[in-house]
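The residues making up each chain are set out below.
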Amino acid sequence: MREPTDSGPAPAAGRGRAALIEDGVEFDGRDAALLRAVDAAGSVAGAASELGRSRARALTRIETLEDAYGTLVERRRGGEGGGGSRLAASARGLLDRYDRLQAVLAATASVPETVLDGTVAAVDGELAVVDTPVGELSGLHGGTVDDEGADDGADGGAVAVGDAVQVRIGADAVTVNDAANAVDPDATSARNRLAGRVSRIGSGETVSTVRIVVEPVDRGGTDDAAVEVAALITAESIDRLGLAPGDPVSLRWKATATRLVAQVE
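None of the values given here were measured: they were computed from a predicted structure. (Residues numbered from 1 in each chain as written. Predicted model: local features only at pLDDT ≥ 70, side-chain atom pairs only at ≥ 80, totals over all residues. Heavy atoms only, no water.)

**Some points on the overall build of the chain**
Note the following rule: A helix here means a DSSP run of H or I that spans at least four residues, while a strand means a run of E at least two residues long, and both kinds are numbered starting from the N terminus. Relative accessible area decides the class of each residue, using a 1.4 Å probe on protein chains only: under 20% of the type maximum gives buried, over 50% gives exposed, and in between gives partly exposed. In this analysis, two residues are considered to be in contact whenever any of their non-hydrogen atoms come within 4.5 Å of each other.
A tally of helices and strands in the chain yields five helices and 15 strands. When each of the 265 residues of the chain is scored for burial, the buried share is 43%. Sequence separation of at least 24 residues holds for 60% of the intrachain contacts in the chain that already meet a minimum separation of 6.

This is the structure we're talking about:
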């Protein structure tokens, strides 16, 4: 589940993977393990050794996280008590948020999906571009197609240009942004972007399902109906954003979090 990056660390998740996101930087299970190892070892070097990682890579990753989340590890230079590192209060708060997100995802039996029908417009390796009622969307298909159009995927799930497919988007993969503070397209790897309005909010104690209506694009007179996209957002973030039915929002999500399934006639 992913949310706006202008209101503090936001929950995010790929299918079955919990993560927080801030300024385009994800904090996931490997990062949580690194901070906890620093806390236990009292140094970045000790944490890296415990996790089987290099000290240089561990330091680089911490610096990347701190650029987005603020100071996470406080370094102490050598002296009478020796040097070392310890977690800042902000790091413990980040770990608490990550643990809560994991608990929420573990307790969620299923994640709502938005399903759109479309036609494959282009294929590039494991990714395909699909023409849908709301415009072109990118997603992963199940295999690859060779130069002669033969499917070389082990599961027979490859698609070709012209194929009818379903585009499946997990609500936990969709980032919701205030329309007035939409993320610069060049600042994110999320290929899929739409604009819409909040239609309803299914309130939950911790996580809510927000439904956003997206109007169809003009496709030469076709009579397509509006599409409702689902997104999972924490109740805390809904309050911070002041989301309510009718509010304009922008949506984005990665092609790698979008599944394409061939339609069977």
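**A closer look at the pattern of salt bridges**
Applied cut-off: The salt bridge definition used is simple: a Lys or Arg side-chain nitrogen within 4 Å of an Asp or Glu carboxyl oxygen.
Overall, the coordinates contain nine salt bridges when judged by the stated rule. Between Arg75 and Glu66 there is a salt bridge; the shortest N-O distance is 3.2 Å. The shortest N-O distance in the salt bridge between Arg168 and Glu113 comes to 3.1 Å. Of this pair, Arg168 sits in strand β9 (residues 164-170) while Glu113 sits in strand β6 (residues 113-124), and the two are 55 residues apart along the sequence. For Arg168, a relative accessible area of 23% translates into the label partly exposed. In this structure, a network of salt bridges that share partners links the residues Glu113, Arg168 and Arg259.

**Structural notes on the packing of helix α1 (residues 29-41) against helix α3 (residues 55-69)**
The following threshold applies: With axes taken as lines fitted to C-alpha atoms, and helix axes fitted only over the stretch in contact, angles between N-to-C directions fall between 0 and 180 degrees. Should an angle fall under 35 degrees it is called roughly parallel, over 145 degrees roughly antiparallel, and 65 to 115 degrees roughly perpendicular, with every other angle called oblique. Following the grouping adopted for this structure description, the nonpolar residues are Ala, Val, Leu, Ile, Met, Phe, Trp, Tyr, Cys and Pro, the charged ones are Asp, Glu, Lys and Arg, and the polar ones are all others, Gly among them.
It is at 11 Å that the axes of α1 and α3 come closest, and there the two elements cross at 110 degrees. Taken together, the axes of α1 and α3 are roughly perpendicular relative to one another. Packed against α1, whose contacting residues are Asp31, Leu34 and Val38, the element α3 presents Ala58, Arg61, Ile62 and Leu65 at the interface. When grouped by side-chain class, the residues that make up the contact of α1 with α3 number five nonpolar, no polar and two charged.

**A short note on the sheet that holds strand β10 (residues 175-178)**
Inclusion rule: Here, strands pair whenever DSSP counts at least two bridges between them.
Strand order in this open sheet of five strands is β10-β14-β11-β12-β13, and the pairing throughout is antiparallel. Taken across any chain shown, the strands that pair with only one partner, and hence form the sheet edges, are β10 and β13 (227-234). The average angle at which neighbouring strand axes cross in this sheet is 45 degrees, direction not considered. As paired strands, β10 and strand β14 (residues 248-253) are joined by four bridges and run antiparallel to one another. Residue pairing for β14: Asp178 is matched across the bridge by Val249.

**Some remarks on the packing of α1 against helix α2 (residues 44-51)**
Just so we agree on the cut-off: We call a crossing left-handed when the near helix sits turned anticlockwise from the far one by less than a right angle, and right-handed when that turn is clockwise.
Following both chains from N to C, one finds α1 and α2 inclined at 120 degrees, their axes separated by 8 Å at the closest point. In terms of axis orientation, α1 runs oblique to α2. Considering the relative orientation of α1 and α2, their crossing is right-handed. Contact with α1, carried on its side by Ala33, Leu34, Ala37, Val38 and Ala41, involves Val44, Gly46, Ala47 and Leu51 of α2 and no other residues of that element. For the contact of α1 with α2, the class distribution of residues is eight nonpolar, one polar and no charged.

**Focus: the packing of aromatic side chains**
Short version of the rule: For Phe, Tyr and Trp, where Trp contributes only its six-membered ring, two rings pair if their centres lie within 6.5 Å, and the inter-plane angle classes them as stacked under 30 degrees, edge-to-face over 60, or tilted in between.
As enumerated under the stated definition, the model contains two aromatic pairs in all. Taking the centre distance of 6.1 Å and the plane angle of 65 degrees together, the rings of Phe27 and Tyr69 count as edge-to-face. With Phe27 in strand β3 (residues 25-27) and Tyr69 in helix α3, this residue pair connects regions lying 42 residues apart in the sequence. The buried category is assigned to Phe27, whose relative accessible area is 0%. For Tyr69, a relative accessible area of 12% puts it in the buried group. Between Phe27 and Tyr98, the ring centres sit 5.8 Å apart and the planes meet at 80 degrees, which makes this aromatic pair edge-to-face. In this pair, Phe27 is assigned in strand β3 and Tyr98 in helix α4 (residues 89-107), connecting sequence segments 71 residues apart. The class of Tyr98 is buried, set by a relative accessible area of 4%.

**Here we look at the environment of Leu35**
Here Leu35 lies in helix α1. Its relative accessible area of 0% is what places Leu35 among the buried residues. Sequence separation between Leu35 and Val73 is 38 residues, and the spatial gap between their C-alpha atoms is 8.0 Å. Once you skip the residues sitting within four places of it in the chain, Leu35 turns out to touch Phe27, Leu72, Val73, Leu87, Ala91 and Leu95.

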